[in-house]
Amino acid sequence: LQATKVCASGTFLALKSEERLGRITKHPLDITLSVIAIVSLAALFLAHEDPFVRDAVCAKARICLTFENAKAWNKICYDLAVGAFVSLIFYVLIVRIPEYQRRKRFKRSFSHQYKNFREDCIGHILAVADGTYEWHKREELLDKQKFRKYFDVWVTRDQTRWHRFLNNLDEYHLEQIVKCMEIFQGEIQFILNNVVIASEKPFEFLKRLSAAIFSMRDKTIGYDDTKSFGGFLWEIFAGFDFVAGYR
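Residues numbered from 1 in each chain as written. Predicted model: local features only at pLDDT ≥ 70, side-chain atom pairs only at ≥ 80, totals over all residues. Heavy atoms only, no water.

**A closer look at the confidence of the model for the protein**
Line of reasoning, step 1. Summarising the model, the protein shows a mean pLDDT of 79, and 82% of its residues fall at 70 or more.
Line of reasoning, step 2. Below a pLDDT of 50 lies the segment residues 1-26, which in the model reaches 57 contacts outside its immediate sequence neighbourhood of four places, other chains included.
Line of reasoning, step 3. In this model, residues 242-247 is a region of pLDDT below 50 whose contacts with residues beyond four sequence positions or in other chains number 15 contacts. (pLDDT = per-residue confidence, 0-100. Contact = heavy atoms within 4.5 Å.)

Next up, the structure:
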């Protein structure tokens, strides 16, 4: 079980940082397309039949290269540059922009589902630990520090609120929390199957989180299962990692 665990609290943060990381270390295809665009645009002006750009470059650099049959070569370079640049424009309009919009929709949807998953689970945890709770408490405890502070309080002489949740956890609420996890796992699988995640780190996070959720499906009320299940929930909602500690 330990091998499948993941710092789930960092999963969505890693997904959000994937876009920023992609802007810093661009995908090789983006670099290639950028180079082609720059070279094509330069060739459009340098190989134009009117030599105003070539004359300006020659005057500025004080070096002017001449070729045999230059007019024919300029014509070939110009035609190739026009074809490449127009192709890039159509590629961006037909492929890249729709793909970007599609990724943004998936990202918004996943963000919404992740928030719903956490709120629903926190609601069940509060119901077990406190019996009743105010509705706004679910959203308030989405903050990992507030979650830790709330559930790390000693409510009796011998147990914290989190221990009371684990001790009072029954079959019904266990089943409801597992259902929330299974619904969210379906969202993870949808993202993995439909979105190309360029960065390896968030991709591995999602795969391992999905595996960890799958391993929780058959948990029952018992000391060992409840302990491992509680550790998994604490990892998600309190931001605890067994390797790095609290985040």
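**Observations concerning a nonpolar patch on the surface**
Line of reasoning, step 1. A contiguous nonpolar surface patch, about 670 Å² in accessible area, is contributed by Val86, Ile89, Phe90, Val92, Leu93, Ile94, Val95 and Ile97.
Line of reasoning, step 2. Within the element layout of this structure, Ile94 appears in helix α4 (residues 70-130). (Patch = residues over 30% accessible without salt bridge, like charges linked within 9 Å, V, L, I, M, F, W, Y side chains within 5 Å. Areas by Shrake-Rupley, 256 points an atom, 1.4 Å probe, with all protein chains shown as cover. Salt bridge = Lys/Arg side-chain N within 4 Å of Asp/Glu carboxyl O. Helix = DSSP H or I, 4+ residues; strand = E, 2+ residues; numbered from the N terminus.)

**Observations regarding the packing of aromatic side chains**
Line of reasoning, step 1. One pass over the structure, following the stated rule, counts 14 aromatic pairs.
Line of reasoning, step 2. Ring geometry for Trp162 and Phe165: centres 4.9 Å apart, planes at 40°, overall tilted. In this pair, Trp162 and Phe165 both sit in helix α7 (residues 161-168), three residues apart, roughly one turn of the helix. Pair check on accessibility: Trp162 and Phe165 agree, each one buried.
Line of reasoning, step 3. Within the aromatic cluster, the residues linked to one another by ring pairs are Phe110, Tyr114, Phe117, Phe147, Tyr150, Phe151, Trp162, Phe165, Phe184, Trp234 and Phe237. (Phe/Tyr/Trp six-rings, centres within 6.5 Å; stacked < 30°, edge-to-face > 60°. Buried < 20%, exposed > 50% of the residue type's maximum accessible area, 1.4 Å probe, protein only.)

**Quick look at the packing of helix α2 (residues 28-46) against α4**
Line of reasoning, step 1. Where α2 contacts α4, the two axes come as close as 8 Å, and the packing angle between them is 140°. With respect to α4, the element α2 is oriented oblique. You can see that α2 and α4 cross each other, and the crossing is left-handed. Residue-level contacts link Leu29, Asp30, Leu33, Ile36, Ala37, Ser40, Leu41, Ala43 and Leu44 of α2 to Tyr78, Ala81, Val82, Ala84, Phe85, Leu88, Tyr91 and Arg96 of α4.
Line of reasoning, step 2. For the contact of α2 with α4, the per-class residue count stands at 14 nonpolar, one polar and two charged. (Axes fitted to C-alpha atoms, helices over the stretch in contact; angles between N-to-C directions. Parallel < 35°, antiparallel > 145°, perpendicular 65-115°, else oblique. Left-handed = near helix turned anticlockwise from the far one by under 90°. Nonpolar A, V, L, I, M, F, W, Y, C, P; charged D, E, K, R; others polar.)

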